[in-house]
Amino acid sequence: MFPYQKVHELNRLELIVYKYIIGHTKEVQNMTIREMADAAHVSTTTILRFLKKMDYSGFSEFKFALKQSLKQPAKSQQDPSMEPIKNFFQLVADEEPFDDKINQAADMINAADLVLFFGVGNSGRIAQYGASILSSYGVYSLPILDPFQPEPFSNRDFSKTLLVLVSISGETDQVLEQARYYKKNGAETIALTANSYSVLNQITDFSISYDTPQNRKGHINVTTQVPIVYTLEQIANCSYHKMVDHIDNRFTEHVTEK
């Protein structure tokens, strides 16, 4: 329903509307625009502006399209927790913008001598997976395992280092501290988050965000990590093929010169 490229052109308030809709699709189909505006804490004008960017003429047309999309046999009805994942892959189906980001991240990885991964909690485990999968493709990559590791007293030159930061919210203090420290010492940085407008996205060199609603159980963030795992695997695969193509091209040029 919402093209990937258009989602990444939304402003902060419009993104709130988007996240509310994909997190409450069944509820929204029975709401008035005023009820939805109150529930999402935005104005009706913001909702209409969002719908216009998504190529809907108004709220009625959008609700009709939403109800049609939700009509499916009972046996194929999915658990509500699957909705963000389904929406992510629908967005990725509009391949060009997503592929462009994957390609840029792969280029940054291949230009680095060392790739470091960092995250906290569940994101820390995903960061470890990211380092592992890149290593399996022949990229020198390591995870930072201790989120409370103190900064070295003396300056370091990280000009050939790339730090990949995994964070659902993009607001975790330890993640922001690592980003600032490595950038200050010359490293390039990539953020993988669920929030395009996070502080982390603003202070890193490059970011890929999938903008799904955050799911919390009390103080625990249990937002799905499936989009980040998929993104990491796509980046690793792209990096590998770029490396192989580069090696093949260099070999061909060397043979031709002789």
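Placed above this text is the structure.
This report concerns the structure included in the present document. (Residues numbered from 1 in each chain as written. Predicted model: local features only at pLDDT ≥ 70, side-chain atom pairs only at ≥ 80, totals over all residues. Heavy atoms only, no water.)

If you tally the helices and strands in the protein, you get 12 helices and seven strands. Taken over 258 residues, the protein has a buried fraction of 45%. Across the protein, every contact between residues at least 6 apart in sequence was considered, and the portion connecting residues at least 24 apart equals 71%. Total accessible area on the protein stands at roughly 13,800 Å², and carbon and sulfur atoms take up 52% of it. (Helix = DSSP H or I, 4+ residues; strand = E, 2+ residues; numbered from the N terminus. Buried < 20%, exposed > 50% of the residue type's maximum accessible area, 1.4 Å probe, protein only. Contact = heavy atoms within 4.5 Å. Areas by Shrake-Rupley, 256 points an atom, 1.4 Å probe, with all protein chains shown as cover.)

What follows deals with the sheet that holds strand β3 (residues 161-167). Pairing within the open sheet is parallel, and its five strands lie in the order β2-β1-β3-β4-β5. Since the sheet does not close on itself, it has two edges, and those belong to β2 (141-143) and β5 (206-209), each with one partner. The sheet shows a mean angle of 20° between the axes of neighbouring strands, taken without regard to direction. Judged from the six bridges that link them, β3 and strand β4 (residues 188-193) form a sheet pairing that is parallel. When the sheet's bridge partners are listed, V164 is paired in β4 with I190. (Pairing = 2+ DSSP bridges. Axes fitted to C-alpha atoms, helices over the stretch in contact; angles between N-to-C directions.)

A full pass over the atoms with the stated rule returns eight aromatic pairs. The interplanar angle of 80° and the centroid separation of 5.0 Å between the aromatic rings of F89 and Y230 together place this pair among those described as edge-to-face. A residue pair is termed long-range when its members are at least 10 positions apart, and F89 in helix α7 (residues 83-92) and Y230 in helix α12 (residues 226-257) qualify at 141 residues. For Y230, a relative accessible area of 24% puts it in the partly exposed group. For the pair F158 and Y182, a centre-to-centre distance of 4.7 Å together with 40° between the ring planes defines the contact as tilted. Of this pair, F158 sits in the loop between β2 and β3 while Y182 is found in helix α10 (residues 173-184), placing the two residues 24 residues apart along the sequence. Across this residue pair, the class does not change: F158 and Y182 are buried. A connected cluster of aromatic rings, assembled from ring pairs, spans Y56, F59 and F62. (Phe/Tyr/Trp six-rings, centres within 6.5 Å; stacked < 30°, edge-to-face > 60°.)

A few words on the side chain of Q225. Residue placement: Q225 occurs in the loop between β7 (220-221) and α12. There is a polar contact of 3.2 Å between the side chain of Q225 and the side chain of S123. Ignoring anything within four residues of it in the chain, the contact list for Q225 reads N122, S123, I126 and I168. (Polar contact = N/O pair within 3.5 Å; in protein donor to acceptor, adjacent residues only side chain to side chain.)

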